[in-house]
Structure formats: structure tokens, C-alpha cells
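If you want the building blocks of each chain, they are given just below.
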Amino acid sequence: MASVNTSDLQDVDGARVNSSADEPILPLSLMNRDRFLALFYDPRRFDIHAKTIMHLHVLRVDGGEFAIKPLFRELVNNSISYVLSRQNLGKLTSDLSRMGEFFRKAQIQFKAPDPNSGEGGELLLYSFLEGHLGAPKILSKMELKTSSEHYVHGTDGVHLLEAAPGDYQLIFGESKMYGDVVGSVGSSARRGVKAAFASIGKVQEDDFDFDTWLVESELLKETLDDDKVELLASILLPPASGSPTITKSNAFGVFIGFELDVTTYPFADHTAEEIETHLRDLALAAMTAEVDTIKAEIQNRGLGGYQFHIYAVPFLKRNVNGTIRGIEDIRIDLASELSGKNMRPSKEKTKK
């Protein structure tokens, strides 16, 4: 059984968050990590393997519901730094009069909502990798859309973590948000885990042929100055001979959004404190039950040599004004917020 502890933002997964006076190669692009993390209770940490750490983040509870609207609002804020290159983000921060222009530039990159909308999960993964792990993005999937289609389909983003001085991890992102299978309450977490590792297995099959592409990418040259590009290249492709002062290993960042079915829970019979405890206990039990699934996926797919940074967030399936709504509805609602396109059919007004 994996041990579970609270985590410390200053020392996440054994990784050093850049806090020294030395300028990092890549600064974090997330503009307010504290505000994003404040939406959640203190995370629970699962030490699954020496190199596999999972954090369970549960949104704060208000009125028997998770704080979904504040989360959406913060993700819309985060979407700007997620989509824009550092060059364009710098233009925005140096001239806030162009805020509308750059917000619109970011918004149109998100697809219109559909039942398979996954970009909200990708944005959540970005927010955790930057906000909690302290691993700045190299490129987001939105920036990759203009480049190799093969690469876009291979990963949901690329981040760089300095785990120790001179020791770097190139983190490939994978996000999944699933609801329960009909008639199988509690199946969503396992579905998400299995789907994520299936995708990771495909990235491994491609032999991580992205390193050279990243070094040669024109996108990096648009984002960073020449000195930073050269330094980043030395990290991504360190020499194998001699005594290299820089080491780099490939790693994975994983986001799992899963569903808690509380459609039969008697909210009216419990205090706010009891409801909060119940929801947090449900979430903890759901992810604790999948620790062995994660171990099996890593073992069966031959992934034991890689570092995994896993983030899990529960969403509720519950009665909302007489309608059962779950994670699939949340995913579409989030896609609507990010894209500015509401694809849900408008409700007819009741005639008086």
C-alpha cells in the first residue's frame, strides 16, 4: 500500500522549486499559482514508487458542491499563459492595454465544446505542473497545433523540471477526464488511469523522438532568446561521453479527472462539515483503490524507469435542479468557458 501524506509546495516530489536568486532557464508562465492552489484543500500525497508520486487535490466544498465556478474562472485566467508563447505573454504584460487582443487570441485556440472535449483537462495539468510541481512549460499543446501533427497527438504539453542542480526532467503531459460506466458506480478513476497509461505507452513506443525536434523547433526560437535556446538545447541533448555537468531524463505528468456519484447521498440530513468530510473521504478512497492499478500499468508496460508526477481531481455526479449532472457536463461547460462558444441547446422559457 502506498503511503499518504500532505505535500509541501517548497519541496514537491523531491524536486527543487526555483527560489534562488539565480535566474531559471525557463521562468514559470503561470501568473498566479497561489490563487489556483487556494481553490483546493491541502493535497494528499501517495508515494507509489520511488519515482511515482500522486497528489489528490479536492476542490473546496460549498453548499454540498465543489467550487466549480471559481475553478472555471481561474482556468480562464490560466488559459492566457497556457496558450500564449512567452514572447507574446511578455508583450501582454508590458502593455496591458492589449489585454483584450491577447485574450481573444488565446480563446480562439480552444475548440468548440463536444462530448470528447479534453482541453480543459490539459489546462488543469498545465496548472498543476507549473503551480504545484514548479515545472515551467516548454511548449503547450496549443503552440504545438501549428507544428507537427504527429507531435500534437503524442503529448498534451512539455514541461521542464530541475529536480536537483544540473539534473533535469523533460516531462511529457497526458490528461484524462472520465465519468463512470453506466451501471458501474466508481469506475471512472480506473478508466482514467488505464486510458492515461495507454496513451503514455504510445509515447514510449515512439522512442521519445521529440528531443531533437524540440531543439530544432522554430517555436522555441520565437519564445526564447538565443542564449536560452542554446542552454535549453544542452539540457535536452546532453553529451553521452565525458563527464557531463547536465543530465536529463524523460518523465511523465498525468492528470486524472474522475467522478464521485453522490446522487443518492442524503445531503439534507448532514451538516456542512459532515458533507465536506464525506466527499473528501470518497475521493481519497477512490484513488487509494487505484494505487495497484497504477503499479500494474507501470509494470505491464515496462515504464518503471520513468518518473511520474500524477495529479487527480474529483468532480461530482449529482442532482442539479432535477437533472443528473456529472463530469461529462463539467467538461463541456469548461470547454464553453474556455472557447467562448456555448454549444448546449438553449432552454425554452416557460410561458406564464
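Residue positions are given per chain, counting from 1 as you read along its sequence in written order. Two thresholds apply to this predicted model, a pLDDT of at least 70 for residue-level local features and 80 or more for giving and counting side-chain atom pairs, whereas whole-chain, interface and lining totals are computed over all residues. Hydrogens and water molecules were not included; the side-chain quantities draw on all heavy atoms of the structure.

S.K.: Talk me through a negative patch on the surface; I want residue IDs and the actual numbers.
M.R.: To count toward a patch, a residue needs a relative accessible area above 30% and no salt bridge. Like charges then connect within 9 Å, nonpolar side chains (Val, Leu, Ile, Met, Phe, Trp, Tyr) within 5 Å. Only the protein chains shown count as cover for residues, and the accessible areas themselves come from Shrake-Rupley with a 1.4 Å probe. The working definition used for a salt bridge is a side-chain nitrogen of Lys or Arg within 4 Å of a carboxyl oxygen of Asp or Glu. Charged-residue counts in this description rest on Lys and Arg as positive and Asp and Glu as negative, His and the chain ends being excluded. By convention, charge coordinates are those of NZ in Lys, CZ in Arg, CG in Asp, or CD in Glu. Taken together, D225, D226, D227 and E230 make up a surface patch of like negative charges. Secondary structure follows DSSP: runs of H or I at least 4 residues long count as helices, runs of E at least 2 residues long count as strands, and numbering of each begins at the N terminus. You can see D226 is positioned in helix 11 (residues 226–236). D226 sits in the exposed class, given a relative accessible area of 65%. Note on classification: 1.4 Å probe, protein chains only; a residue is buried when its accessible area is under 20% of the maximum for its type, exposed when over 50%, partly exposed between these limits.

S.K.: Explain the layout of surface pockets to me, and be specific about the residues and the numbers.
M.R.: The pocket and cavity definitions rest on a 1 Å grid over protein atoms only: a 1.4 Å probe that fits but cannot leave marks a cavity, an open set with protein on both sides within 12 Å along at least five of seven lines marks a pocket, and residues lining either have an atom within 4 Å of a point. Grid points are joined across faces, edges and corners, and a volume is the space filled by probe spheres set on the points. Within this model, the second largest pocket holds a volume of roughly 510 Å³. I68, K69, F72, R325 and D333 are, among the 19 residues lining the second largest pocket, the residues nearest its centre. Breaking the lining of the second largest pocket down by element, the ones donating at least two residues are strand 7 (65–66), helix 2 (68–83), strand 12 (307–320) and helix 14 (327–339). Partitioning the lining of the second largest pocket into residue classes produces eight nonpolar, three polar and eight charged. Each residue is assigned to one of three groups, with Ala, Val, Leu, Ile, Met, Phe, Trp, Tyr, Cys and Pro labelled nonpolar, Asp, Glu, Lys and Arg labelled charged, and all others, Gly among them, labelled polar.

S.K.: Can you explain the environment of R301? Please cite residues and give values.
M.R.: Note that R301 resides in the loop between helix 13 (291–300) and strand 12. The exposure class of R301 is partly exposed, given its relative accessible area of 33%. Separated by 103 residues in sequence, R301 and A198 place their C-alpha atoms 8.6 Å apart. In contact with R301, not counting residues within four places along its chain, are K194, F197, A198 and Q204. Every residue pair with non-hydrogen atoms within 4.5 Å of one another is taken to be in contact.

S.K.: Please provide a residue-by-residue account of the environment of S217, values included.
M.R.: For S217, the position within the fold is in the loop between helix 9 (211–216) and helix 10 (218–223). Assessed through its relative accessible area of 5%, S217 is described here as buried. With twelve residues separating them in the primary sequence, S217 and V229 have C-alpha atoms 9.9 Å apart.

S.K.: Describe in detail the environment of I68, supporting the description with residues and values.
M.R.: Tracing the backbone through its elements, the reader meets I68 in helix 2. The buried category is assigned to I68, whose relative accessible area is 13%. On a C-alpha basis, the gap between I68 and F315 in space is 8.7 Å, while along the polypeptide they are 247 residues apart. If sequence neighbours within four positions are ignored, I68 has contacts with L59, F315 and I330.

S.K.: Describe the nonpolar core, naming the residues involved and giving the relevant values.
M.R.: Counting 89 residues, the largest nonpolar core has I138, F308 and F315 as its most contacted members. In contact with F315, not counting residues within four places along its chain, are L59, F66, I68, L71, L124, M177, G257, F258, E259, L260, I327 and I330. Core analysis: the second largest hydrophobic core is formed by five residues, I80, L84, L89 and F102 among them. As used here, the term nonpolar core means buried Ala, Val, Leu, Ile, Met, Phe, Trp, Tyr and Cys residues forming a set that is joined through side-chain atoms within 4.5 Å.

S.K.: Tell me what's going on with helix 13, and back it up with residues and numbers.
M.R.: Where helix 13 is concerned, the buried positions are V291, T293, I294, E297 and I298. Along the axis of helix 13, the buried positions cluster into a sector of 165°, meaning they face one direction only. Helix 13 presents D292, Q299 and N300 as exposed residues on the side facing more than 90 degrees away from its buried surface. Residues of helix 13 that are buried make contact with strand 4 (44–49), strand 5 (52–56), helix 8 (188–205), helix 12 (272–288) and strand 12. Positive backbone phi, at 65°, marks G302, one or two positions downstream of helix 13. Throughout, the arc means the angular range of directions from the helix axis out to the C-beta atoms.

S.K.: Account for the pattern of salt bridges, with residues named and values stated.
M.R.: As enumerated under the stated definition, the model contains eleven salt bridges in all. Residue E276 is joined to R280 by a salt bridge in which the shortest nitrogen-to-oxygen separation is 3.3 Å. Of the two residues, E276 and R280 are both situated in helix 12; the distance of four residues between them amounts to about one turn of the helix. Note on R280: relative accessible area 28%, which makes it partly exposed. A network of salt bridges, in which partner residues are shared, links K194, E297 and R301.

S.K.: For helix 4 (residues 99–107), give the residues involved together with the corresponding values.
M.R.: The periodicity of an α-helix, 3.6 residues per turn, causes residues three or four positions apart to be oriented the same way. Taken residue by residue, helix 4 has F102, A106 and Q107 as its buried positions. End-on view of helix 4: buried residues confined to an arc of 140°, all on one side of the axis.

S.K.: Account for the packing of aromatic side chains, naming residues and giving values.
M.R.: Note on aromatic contacts: the rings of Phe and Tyr and the six-membered ring of Trp form a pair at centre separations within 6.5 Å, being stacked when their planes are under 30 degrees apart, edge-to-face when over 60 apart, and tilted otherwise. Per the stated rule, a full pass over the model turns up twelve aromatic pairs. Centre to centre, the rings of F128 and Y311 are 5.1 Å apart; their planes meet at 5°, and the pair counts as stacked. Taken together, the residues span a long stretch of sequence, with F128 in helix 5 (residues 119–131) and Y311 in strand 12 at a distance of 183 residues. The exposure class of F128 is buried, given its relative accessible area of 0%. Look at Y311 and you get buried, because its relative accessible area is 0%. Ring centres 5.6 Å apart and planes at 85° place the aromatic pair F252 and Y306 in the edge-to-face group.

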